[in-house]
Amino acid sequence: MKVYVQDGRAVLLGADEVIDIHERSGGAFSSDIAGIYPRWDEFVQWAEPFGSGELDMETLPKNELDAISPAPRQVLAVGLNYVDHAAESGFSVPEYPIVFTKFQSSITKPFDDLELTSGSVDWEVELVVVIGSGGRNISAENAWDHIAGLTIGQDYSDRDAQFRGQPAQFSLGKSFEGFAPIGPVLVTPDEFLAQSDCVIECEVDGETVQSAPIADIVFDIPDLIAKMSAVVELLPGDVLFTGTPPGVGFGQVPPRYLRSGERVRSSITGLGYMEQACR
Ligand code: ZN
């Protein structure tokens, strides 16, 4: 099943048609997707008969799309969650996930301009999880039952701000306006997990800078959900950035950062792509 948000309204991409969820359900489900996440299991039951359409990026109304969870109450993000990205960052793989936040106001739609805040803004394509029914102390075995679906995210990072001070704190440098685009569509776990050879990629001006199998992730999604929910109650619509693969600009010698006019395209097998123009 695939869902997206168009001009603020939750839309289902059915097998044969595009469905406005609020209208078709006779008002049973909110037009605001934030009102649907708390009732996700009920929604999936309702939506099942409409089937799941092919994701065609050419026909998707890109400029009308909003973030798939526009105002999550919590955004959790994981650092150093791919072996070779930890190495290029000068760290060993952590024994426990490194967790920080991107403040909610950094969340933005999937096709938008990215305003560069300095000469050290870097890309980090990530697989993003959106929570359906949340909870505390969710076991790894049950984790997928609490997840609404998966989408693409960019964890844009101003490296100067990120590494300012000792010890460094990550959250501010990753929370400037527009630094957390998520989308374009939410794909439910059953569909996403049915794929094999899933690849995560980032291109800058057509040049592939990051490309890795999703399977290279260190702490997998059920493990992350278990470890995080042991501390924080996960709430419907919460967003989890699961870490970036190797190939960020900061790991290059000399470092390469984004420049005005460059375009960043982020893609994951089965989830389509999103794109920002830097200015
Ligand atoms: Zn990241």
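Criteria and cut-off values
Residues numbered from 1 in each chain as written. Predicted model: local features only at pLDDT ≥ 70, side-chain atom pairs only at ≥ 80, totals over all residues. Heavy atoms only, no water. Donors = N, O, S within 2.8 Å, 3.2 Å for Na, K, Ca; no water. Buried < 20%, exposed > 50% of the residue type's maximum accessible area, 1.4 Å probe, protein only. Patch = residues over 30% accessible without salt bridge, like charges linked within 9 Å, V, L, I, M, F, W, Y side chains within 5 Å. Areas by Shrake-Rupley, 256 points an atom, 1.4 Å probe, with all protein chains shown as cover. Salt bridge = Lys/Arg side-chain N within 4 Å of Asp/Glu carboxyl O. Helix = DSSP H or I, 4+ residues; strand = E, 2+ residues; numbered from the N terminus. Core = buried A, V, L, I, M, F, W, Y, C linked by side-chain atoms within 4.5 Å. Contact = heavy atoms within 4.5 Å. Polar contact = N/O pair within 3.5 Å; in protein donor to acceptor, adjacent residues only side chain to side chain. Phe/Tyr/Trp six-rings, centres within 6.5 Å; stacked < 30°, edge-to-face > 60°. Lys NZ or Arg CZ within 6 Å of the ring centre and 35° of its normal. Arc of directions from axis to C-beta.

**Let's talk about the coordination of the zinc ion**
Each donor-metal-donor angle in an ideal tetrahedron of four donors is 109.5 degrees, and each such angle in an ideal octahedron of six donors is either 90 or 180 degrees.
No. 1: Taken together, the protein ligands of the zinc ion are Glu124 (OE), Glu126 (OE) and Asp155 (OD), with distances of 1.9 to 2.0 Å.
No. 2: Between consecutive donor residues of the zinc ion, the sequence gaps follow E-x1-E-x28-D. Here the two residues Glu124 and Glu126 agree in accessibility, since each one is buried.

**Focus: a nonpolar patch on the surface**
No. 1: Together, Val83, Val93 and Val218 make up a nonpolar patch on the protein surface, roughly 190 Å² of accessible area in all.
No. 2: Here Val218 is to be found in the loop between β14 (207-213) and α6 (221-229).

**What about the nonpolar core?**
No. 1: In terms of nonpolar packing, the biggest core is built from 50 residues, with Ile225, Leu258 and Ile268 touching the most fellow members.
No. 2: Excluding residues within four positions of it along the chain, Ile268 makes contact with Glu126, Leu127, Thr151, Ile152, Phe192, Cys198, Val199, Ile200 and Ile214.

**Thoughts on the environment of Thr117**
No. 1: Relative to the elements of secondary structure, Thr117 occurs in the loop between β7 (111-114) and β8 (121-122).
No. 2: Judged by its relative accessible area of 35%, Thr117 is partly exposed.
No. 3: Taking the C-alpha atoms as reference, Thr117 lies 23 Å from Pro245; in sequence the two are 128 residues apart.
No. 4: A polar side-chain atom of Thr117 sits 2.8 Å from a polar atom in the side chain of Asp158.

**Some details on the packing of aromatic side chains**
Two measures describe an aromatic ring pair: the distance that separates the ring centres and the angle between the ring planes.
No. 1: Scanning all chains against the criterion turns up 12 aromatic pairs.
No. 2: Following the ring pairs from residue to residue traces out a cluster consisting of Phe29, Tyr37, Trp40, Phe43, Trp46 and Phe50.
No. 3: Taking the ring centre of Phe241 as reference, the NZ or CZ of Lys102 above it sits at 5.7 Å.
No. 4: A cation sits over an aromatic face here: Arg265 above Tyr273, 3.8 Å from the ring centre.

**Observations concerning the side chain of Ser120**
No. 1: Note on placement: Ser120 falls in the loop between β7 and β8.
No. 2: By relative accessible area, Ser120 is classed as buried at 2%.
No. 3: With sequence-adjacent residues up to four places away left out, Ser120 is seen in contact with Ser157, Asp158, Arg159, Asp160 and Tyr257.

**A few points about helix α2 (residues 40-47)**
No. 1: Looking only at α2, the buried set comprises Trp40, Phe43 and Ala47. Mapping the buried residues of α2 onto a view down its axis gives an arc of 60°, with all of them on the same face. In this structure, α2 carries Asp41 and Gln45 as exposed residues pointing more than 90 degrees from its buried face.
No. 2: Those residues of α2 hidden inside the fold are in contact with β1 (2-6), β2 (9-13), α1 (21-24), β10 (147-154) and β12 (180-187).

Just geometry here; none of it tells us what the structure is for.
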